[in-house]
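Chain and residue survey
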There are 2 protein chains.
Amino acid sequence: MSSAPQYQKLQQKLKSQILSGMYTDGDLLPSENELSRTHSLNRVTVRHALSVLEQEGYITKRQGKGSVVQLKRNSLGLLSFKGFTEVVGSAQHTVKTQILYGPQSLNWPAPFFYELNGSESEAGCIYLERLRFADEDAVMLEHTYIPDLDLPAFSSRKLINDSLFATLALQYGVEIMNMEQDVRAVLADPSVAEKLMMEPGSPLIHLYRKYGTNRGNFYIYSSIYCNTQKYAMGSFIS
Amino acid sequence: MSSAPQYQKLQQKLKSQILSGMYTDGDLLPSENELSRTHSLNRVTVRHALSVLEQEGYITKRQGKGSVVQLKRNSLGLLSFKGFTEVVGSAQHTVKTQILYGPQSLNWPAPFFYELNGSESEAGCIYLERLRFADEDAVMLEHTYIPDLDLPAFSSRKLINDSLFATLALQYGVEIMNMEQDVRAVLADPSVAEKLMMEPGSPLIHLYRKYGTNRGNFYIYSSIYCNTQKYAMGSFIS
DNA sequence: GAGTGGTCTAGACCACCTG
DNA sequence: AGGTGGTCTAGACCACTCG
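Residues numbered from 1 in each chain as written. Chains lettered and ligands numbered in written order. Predicted model: local features only at pLDDT ≥ 70, side-chain atom pairs only at ≥ 80, totals over all residues. Heavy atoms only, no water.

**Some points on the protein's contact with DNA strand C**
We count it as follows: When at least one non-hydrogen atom of a residue lies within 4 Å of a molecule or strand, that residue is treated as near it. The term polar contact refers here to a pair of N or O atoms within 3.5 Å; inside protein, the definition further demands a hydrogen-donor-capable atom paired with an acceptor-capable atom, and it admits residues adjacent in sequence only when both atoms are side-chain atoms. Under the scheme used here, helices are H or I runs from DSSP no shorter than 4 residues and strands are E runs no shorter than 2 residues, and both carry numbers assigned from the N terminus.
Near DNA strand C there are 24 residues, and of these Q6(A), N42(A), T45(A), E32(B) and R43(B) occur at the shortest range. Among all atoms of DNA strand C positioned within 4 Å of the protein, those belonging to sugar or phosphate total 66%. Take Q6(A): an N or O atom from its main chain is 2.5 Å from a phosphate oxygen of DNA strand C. Mapped onto the surface near DNA strand C, the elements with two or more residues apiece are α1 (6-19) and α3 (43-55) of chain A together with α3 (43-55), β1 (59-62) and β2 (66-69) of chain B. Among the elements that take part in the surface near DNA strand C, α3(A) stands out by supplying four residues, more than any other.

**A closer look at the pairing of strand β1 (residues 59-62) of chain A**
If a strand is regular, its side chains alternate between the two faces of the sheet. Residue and element names in this part refer to chain A. Applied cut-off: Here, any two strands with at least 2 DSSP bridges between them count as paired.
Across four bridges, the pairing between β1 and strand β2 (residues 66-69) is antiparallel. Following the sheet pairing, K61 is matched in β2 by S67. Hairpin connection of β1 to β2: three residues between the antiparallel strands, including G64 at a positive phi of 80 degrees.

**Regarding the domain arrangement of chain A**
All names here are of chain A. Short version of the rule: The split into domains, and so the bounds of each, comes from an automatic or database assignment of domains. Here a residue-residue contact requires only that any non-hydrogen atoms of the pair lie within 4.5 Å. Buried area: the accessible surface (1.4 Å probe) lost by two parts on joining, summed over both. The term salt bridge refers to a side-chain nitrogen of Lys or Arg lying within 4 Å of a carboxyl oxygen of Asp or Glu.
The domains assigned to chain A are domain 1 (6-69) and domain 2 (84-226). Each of domain 1 and domain 2 was reduced to a C-alpha centroid, and the two centroids are 28 Å apart. Contacts between domain 1 and domain 2 engage seven residues on the former and eight residues on the latter. Overall, the association of domain 1 and domain 2 removes approximately 640 Å² of surface from exposure, summing both partners, and the carbon and sulfur fraction of that is 48%. Per-residue buried area on domain 1 facing domain 2 is highest for Q12, K15 and L19; these three make up 65% of the total on that side. Put simply, domain 1 and domain 2 have zero salt bridges between them.

Set out below in structure tokens:
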């Protein structure tokens, strides 16, 4: 693993520190010159690491000021690929996650909404059903499917900061690298409507998501229903 | 204007060449070394320009190969901030745009869905209503609002490649830099349903969009309805 | 083997912010 | 004035792709 480039090591180290709470929203990271000194790296390399973090939305840079940690987004930025807790958790919205089922190992549902490769099919699947609240309103019902590959004792873990992504990163070294999703508008069927505490037949956003990770063939899958009657799903792309 | 950094000038030059059709999907851009020679820039600076293009989704890089122009996305990638024609236009989908109204100058609707600043309010607004087809199916109804600021004769122009963004870039030097959107699920009201040729009460995705540009206080606004019954809206984020 | 992008260094000047 | 990020150069070695 020492083959990973220096900028990536630094980026993931800083990301871990942010996710673990060592730096929180609004904090300044050490300056580029200081990171350069303490890690014996050229400033260009440090800048490369920071630019990746900036792209991922963990920091913003301000000239003359520094690199500012940024864990929140405007409104409910659920189209970006950061986890729910990191995106929505902020002073503006109080966030709660209720686990309705799991995490538990079981067989993959068939048919599955994305095509699985051989090793994924052979390994079981860890299933997780969570209901997300913003300001006491149920806004999101998420079904998550994780291949049971090299994740010892995952089912019995407690999620760090209630965040699946933070847990995977800190406990198993799994970093989310990208995300692909299909978005549709659907009408709530009775069972989904009941969990989201809304009328059957109301409009919902439905997402199929496939997250790519730093492990080559390891993906995480989600099917997500979002109630947008009170909160829109916001996103900012640059 | 010579104050713009070198990497930005190069990036916008390449972007213009891509948008104007000088390079099309799958073409290779000149190599980094060649761009470095022909523009008398260091390779690091060239790489900076290319990395911005890559972030914007106009190219992908392949080691040992080169920088490949990429104008299409998987399925209907309408959550990224490239224009409809650039994203959806590909071998897989035939694309058509029908202008239902405008472009025409008029007053801003009140209330407007985003807050306008002073100069935007004073200038009129150029309004445009377009219906988008993928494979002969109406999939998108877009209402676009552009502040009438320093855009001479815009109403009488023909759109280049049927693309609003390409026209703004090539004719007026306006580059789209970022995008912010709110996403909701709604039920089709009769007038929207009729234009999208669907049943009233069907579920639709509704987007409010605000595009930022390279002109500091110049934004473009859109309200968009998407029929996702046949085509999902896909997106890939990394 | 020649060319491509990927990583990295050492040093420089600038624009911006804050005490 | 001193520190911060923003831009840029000249050179180097590596990993990958292709003929």
